[in-house]
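Below, each chain spelled out in residue letters.
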Amino acid sequence: MPEPATADVVLELQDVAKSFGSVIALRAGSITVSRGSIHALVGENGAGKSTLVKIVAGVHRRDAGTFRFLGEDVDFHSTAASKAAGIAVIYQEPTLFPDLSVTENIFMGRQPVGRGHRIDRAAMYAEASALFERLGVRIDPRRPARGLSIADQQIIEIAKAISLDASLLIMDEPTAALSGLEVERLFAVARSLRDEGRGLVFISHRFDEVFELCDTVTVMRDGDYISTDPIADTTVDEIVARMVGREVAELFPKSPAPIGDPVLEVTGLSSAGVFHDVDLTVRAGEIVGLAGLVGAGRSEIARAIFGVDGYDSGTVRMLGREVPRRNVRAAIRAGMALVPEDRRKQGLVVESSVARNIASVIRRGLSKAGVLTTGAENRASSPWAGRLEVKTAALDMPATTMSGGNQQKVVIAKWLATQPRLLIIDEPTRGIDVGTKAEVHRLLSDLAGQGVAILMISSELPEVLGMADRVLVVCEGEITADIDRAEATPEKVMHAATRAARPNDIEPTTTMEVSA
Amino acid sequence: MTSATATAEAPVGRTYRPYSQPWWRRVLLTREFAIIGLLVLVFAWASANVANFNSPLTVYFLGLDNAEIMLIALPMALVIITGEIDLSVASVVGLSSVMVGLLHQDAGLSIPLAGLIAILVGVVAGALNGFLVAYVGLPSLAVTIGTLALYRGLAVGLLGTTAKTDFPDKWTTLAQEHIGTSRYPVIVIPILVLLVVFVWVLHFSSFGRGVYEIGLNDEAAHFSGVNVARTKFVLFILTAAVSAFAGIYITLRTGNARGDNATGDELKVIAAVLLGGVSIFGGRGALHGVVAGVLLIGVIQSAMRLENQTVNVINIVIGALLVLSVMSTSVLAWISRLSARRAGLGNLRRRQAVASSSRTTER
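All values derive from a computational prediction rather than experimental measurement.

### Overview of the overall build of chain A
Then comes step 1: Counting its regular elements, chain A contains 18 helices and 20 strands.
Then comes step 2: A globule of 516 residues ought to have a C-alpha radius of gyration of about 24 Å, and chain A, at 25 Å, matches this closely.
Then comes step 3: With respect to the three principal axes, the spread of C-alpha positions in chain A is 80 × 55 × 50 Å.
Then comes step 4: When each of the 516 residues of chain A is scored for burial, the buried share is 54%.
Then comes step 5: Considering only contacts within chain A whose residues lie at least 6 apart along the sequence, 68% involve residues at least 24 apart.
Then comes step 6: Per element, the accessible surface of chain A, about 21000 Å² overall, is 50% carbon and sulfur.
Then comes step 7: Of note, chain A has its 58 positive side-chain charges centred 8 Å away from the centre of its 69 negative side-chain charges.

Here it is as structure tokens:
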């Protein structure tokens, strides 16, 4: 990449690092964005893209590294400071005030003031109309923001950025919820902003879009900067290889286990607008990985199987017997366990004690003569805490104070205590340190060896490839691939997860089901 | 951290201390015990200083006058621990009172049968509250403000402004009798029975653990198989059924079935529950605190009444006490946050010192 003249560089990050407690989110992030350029930032989930963006946006402060904006060293303490400097971030789902008008949203907090300190609405509407005209979109500046499509909401965020005269626009997966036409319009706007000499950063998992829109691409992996290339000099396969390429074997001590009879059989599971026609089978001793992008519907499938949510049609069978829908207790009785995605909100009652949390599912069986005591809960939970090596001073300590990894161990202990035949585990190692990660992986492998069927949802490709006997890939609520361990490669999974060859103008089937 | 060193020594399959603090700290340094202590203090002070407080009649009337508050406070505590609230309880008391009067005097039913039907009406009233809150998902505050008016309206509408007063002496004297030769009224027996039942339900059953979990994090409770909707539904029914029983008791004790019986008592019940240490946000509280809260309000009332204070002054004192007790939690939290921040600052300074020293060694 040719070294641009300093005056042309909008944003420059060098070896920026950020960690949250013991979890390193960003090791050495670097990116250089020039004026009049659309710069793609790609990487797996957890590669550190979002952390990088949040540092630029002033949400987080970096621990180390250089951060230059328009040639000056900067350090933003707040999002307001970053905005004032001329940085605008457009998120996947914009946050507008739904009851205010489009114009009021654009000028929130800096309304033009006329005589007598009254807000000059006429000036506001005129300027908003001018902005929309410049962007080439037709939105009534007086209408309320409620009811606008996500695409229109993004346009309003962009209008806000332009009215602030932002020199850097960061778009974090803006196209995830857009249809083909809306994507085209967004791209047209992005190109016109580029031609005005602004710098743009475009984060996306859709490579066809990256290659259509951007001129430069930076790859990140595991919180590290990997490479920067002009789009013209690279290919999808090269980028994918850089995104995933890493030693997988040591972190994932998968030992082969004899695979037995089917434990979980799901057929034709559908829920309008969320997922449809999901067929899957998990056998005893088998680890099935459910891969896909965030928001593809994997967690929703797991929740429906476990009875947390309902579904419209299809059947769930455990060991040959049908499990009633929307009934968690029946699912637990049938031998299922679910370690959910969000451990603080769904997995644990964080303000409750370690013992109460671990005993929370098995406690019905702990009462003697109808009386359940704290002593019985302590005695029952202690061995499970010990088995998972939960680090706590005492069993009555609340889970609030524990680290993420320790909390995850408590959640796993709680479900192992039920001695399940099927363990559904959603993002088993999200946000936990490397040491605990390896422990969790070893545990999953051991459990499979003991004949437990495991359905593992993970957004970390190496984890899926390292642990799973079989990989199912979910894209937009559908299972798009069923790949055997021997044949599973990062490229295959990524292609199925992004449908890289998918034309933009095909509407996802899920939206059609909503109207049905 | 101390736990880190412990882990280093402990082999796989380590064991855990069940409690982080000795039992007396866990039991005594709680809000519940603060209220119990305050109750003992006020009772001792009044016995020594208030004329006639020391007589057996004080305890008798304390039991008699606070019985309905005590009864309803028990299930109300459970409802509030799940993070909900039931404002319709006093209206259910009125409705039940009217039912007993009408069924006994107009329909000629015996008191036990009329009472049973009144309790069933209470169950239906509670089921409506519970259905709207638990299954329809409406906020309990709004729902029970509505049913507060609805049930009170039904009660007054059924009987108008008149009262039914002709009840058999057998029942009206039973409602005021002493237990044997003791100084306690008979109503203490059902109170104790219900207390045992609710202590078991809340503190020694899986259902009760679910009640706390719903109050702290209903989503996690749902994920672990707690039937959140059914739990709330059952609690609203229990609250209304106990309120209906309290309505029968009031009717017989006063010999007076009126539509406006117990008007405004819902706030007295909630005040006592909150004074007893139950958090209005749910998830925290215990029944020994609730019992102490009800008794504390009762003791202050009877002591001040004996001192010839007016109702207004009594209300001011109890109101101030409630505000102070709610504030005490926030003040304690503020103090602990302050000390934590001071400790945190110390840590930061230490860290900076370490950082700068390591930098110098690098050079």
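Back to the text.
### Brief notes about the overall build of chain B
Then comes step 1: For chain B, the helix and strand inventory stands at 14 helices and zero strands.
Then comes step 2: Taken as a whole, chain B presents about 17900 Å² of accessible surface, with 68% of it coming from carbon and sulfur.

### Quick notes on the environment of Leu158(B)
Residue and element names in this part refer to chain B.
Then comes step 1: Of note, Leu158 is situated in helix H7 (residues 140-159).
Then comes step 2: We classify Leu158 as partly exposed; its relative accessible area is 44%.
Then comes step 3: When the C-alpha atoms of Leu158 and Met99 are compared, they prove to be 8.6 Å apart, with 59 residues separating the residues in sequence.
Then comes step 4: Setting aside residues up to four positions removed in sequence, Leu158 forms contacts with Leu95, Val98, Met99 and Leu102.

### Remarks on the pattern of salt bridges
Residue and element names in this part refer to chain A.
Then comes step 1: For the coordinates displayed, the defined rule picks out 29 salt bridges over all chains.
Then comes step 2: In this structure, Asp229 engages Arg242 in a salt bridge whose closest nitrogen and oxygen atoms are separated by 2.8 Å. Pair noted here: Asp229 is in strand S10 (residues 224-230) and Arg242 is in helix H8 (residues 236-244), with a separation of 13 residues, a long-range link.
Then comes step 3: Under the relative-accessibility criterion, Asp229 is labelled buried at 18%.
Then comes step 4: Using a relative accessible area of 23% as the deciding quantity, one classes Arg242 as partly exposed.
Then comes step 5: Measuring nitrogen to oxygen at the nearest pair gives 3.2 Å for the salt bridge that ties Lys409 to Glu439. Separated by 30 residues along the polypeptide, Lys409 in helix H14 (residues 404-416) and Glu439 in helix H15 (residues 434-449) bring together distant segments of the chain.
Then comes step 6: You can call Lys409 buried: its relative accessible area is 4%.
Then comes step 7: Three or more residues joined by partner-sharing salt bridges are found here, namely Glu12, Arg68 and Asp73.

### A look at the nonpolar core
Then comes step 1: Residues Leu264(A), Ile305(A), Met336(A) and Ile454(A) are the most contacted members of the largest nonpolar core, which totals 77 residues.
Then comes step 2: When residues of this core are assigned to their parent elements, the largest contribution, six residues, is made by H14(A).
Then comes step 3: Counting residues domain by domain, this core receives three or more from each of domain 2 (248-335 + 420-516) and domain 3 (344-419) of chain A.
Then comes step 4: Excluding its chain neighbours within four sequence positions, the residues that come into contact with Ile454(A) are Val282(A), Glu286(A), Ile287(A), Val288(A), Leu423(A), Ile425(A), Leu444(A), Leu447(A) and Ala448(A).
Then comes step 5: Among the nonpolar cores identified, the runner-up in size contains 65 residues, and Leu39(B), Met70(B), Tyr212(B) and Ile314(B) belong to it.

### Some thoughts on the interface of chain B and chain A
Then comes step 1: Facing 28 residues of chain B, the contacting portion of chain A comprises 42 residues.
Then comes step 2: For the pair chain B and chain A, the summed buried area comes to about 3100 Å², and 53% of that belongs to carbon and sulfur atoms.
Then comes step 3: Three residues, Tyr16(B), Arg209(B) and Phe223(B), lead the burial of chain B against chain A; their summed loss comes to 26% of the area buried on that side.
Then comes step 4: If you look at where chain B meets chain A, you find three salt bridges.
Then comes step 5: Put simply, Arg363(A) and Glu213(B) hold a salt bridge, and the shortest N to O gap is 2.8 Å.
Then comes step 6: On the surface where chain B and chain A come into contact, there are 21 residue pairs in polar contact (both at pLDDT 80 or more).
Then comes step 7: If you list the elements that add at least two residues to the side of chain B that touches chain A, you get helix H9 (188-203) and helix H10 (206-223) of chain B.
Then comes step 8: No other element matches H10(B), which puts ten residues into the side of chain B that touches chain A.
Then comes step 9: Of the residues contributing to the side of chain B that touches chain A, the split by class is ten nonpolar, eleven polar and seven charged.

### Points about the sheet that holds strand S11 (residues 262-271) of chain A
All names here are of chain A.
Then comes step 1: Reading across from one edge, S12-S11-S14-S15 is the order of the four strands in this open sheet, with antiparallel pairing throughout. The open sheet terminates on both sides in strands that have one partner only, identified here as strand S12 (275-283) and strand S15 (321-322).
Then comes step 2: Two elements, S11 and strand S14 (residues 313-318), share five bridges in a ladder whose sense is antiparallel. Across the sheet, residue Ser270 finds its bridge partner in S14, namely Ser313.

### Re empty space enclosed by the protein
Rolled over the atoms, a probe with the dimensions of a water molecule shows which regions are left empty.
All names here are of chain A.
Then comes step 1: Using the criterion set out here, one finds four cavities of 30 Å³ or more in the structure.
Then comes step 2: Computed from the structure, the largest cavity encloses a volume of approximately 90 Å³.
Then comes step 3: Surrounding the largest cavity, twelve residues form its lining, Gly292, Leu293, Ser459, Leu461 and Met494 being those nearest its centre.
Then comes step 4: When residues of the lining of the largest cavity are traced back to their parent elements, those giving at least two are strand S13 (287-292) and helix H17 (490-498).
Then comes step 5: It is H17 that provides the largest number of residues to the lining of the largest cavity, a total of three residues.
Then comes step 6: Partitioned by chemical class, the residues of the lining of the largest cavity number six nonpolar, five polar and one charged.
Then comes step 7: Split by domain, the residues of the lining of the largest cavity number at least three in each of domain 1 (6-96 + 148-244) and domain 2 (248-335 + 420-516).

### A look at the domain arrangement of chain B
Residue and element names in this part refer to chain B.
Then comes step 1: Segmenting chain B into domains produces domain 1 (53-307) and domain 2 (309-349).
Then comes step 2: For domain 1 versus domain 2, the separation of C-alpha centres amounts to 29 Å.
Then comes step 3: Counting residues at the interface gives ten residues for domain 1 and eight residues for domain 2.
Then comes step 4: Both faces combined, the contact of domain 1 with domain 2 buries some 870 Å², and carbon together with sulfur accounts for 83% of it.
Then comes step 5: Considering only the side of domain 1, the residues that lose the most area to domain 2 are Leu275, Ile300 and Met304, jointly responsible for 52% of the buried surface there.
Then comes step 6: At the surface where domain 1 touches domain 2, the tally comes to zero salt bridges.
Then comes step 7: Inspection of the domain 1/domain 2 interface yields two residue pairs in polar contact (both at pLDDT 80 or more).

Here is what the cut-offs are and how they apply
Residues numbered from 1 in each chain as written. Chains lettered and ligands numbered in written order. Predicted model: local features only at pLDDT ≥ 70, side-chain atom pairs only at ≥ 80, totals over all residues. Heavy atoms only, no water. Helix = DSSP H or I, 4+ residues; strand = E, 2+ residues; numbered from the N terminus. Rg over C-alpha atoms; globule rule 2.2 N^0.38 Å. Buried < 20%, exposed > 50% of the residue type's maximum accessible area, 1.4 Å probe, protein only. Contact = heavy atoms within 4.5 Å. Areas by Shrake-Rupley, 256 points an atom, 1.4 Å probe, with all protein chains shown as cover. Lys, Arg positive; Asp, Glu negative; His and termini not counted. Charge placed at Lys NZ, Arg CZ, Asp CG, Glu CD. Salt bridge = Lys/Arg side-chain N within 4 Å of Asp/Glu carboxyl O. Core = buried A, V, L, I, M, F, W, Y, C linked by side-chain atoms within 4.5 Å. Domains from an automatic or database assignment. Buried area = accessible area lost by both parts, 1.4 Å probe. Polar contact = N/O pair within 3.5 Å; in protein donor to acceptor, adjacent residues only side chain to side chain. Nonpolar A, V, L, I, M, F, W, Y, C, P; charged D, E, K, R; others polar. Pairing = 2+ DSSP bridges. 1 Å grid on protein atoms, 1.4 Å probe; cavity = no way out; pocket = protein on both sides within 12 Å on 5 of 7 lines; lining within 4 Å. Points joined across faces, edges and corners; volume = space filled by probe spheres on them.

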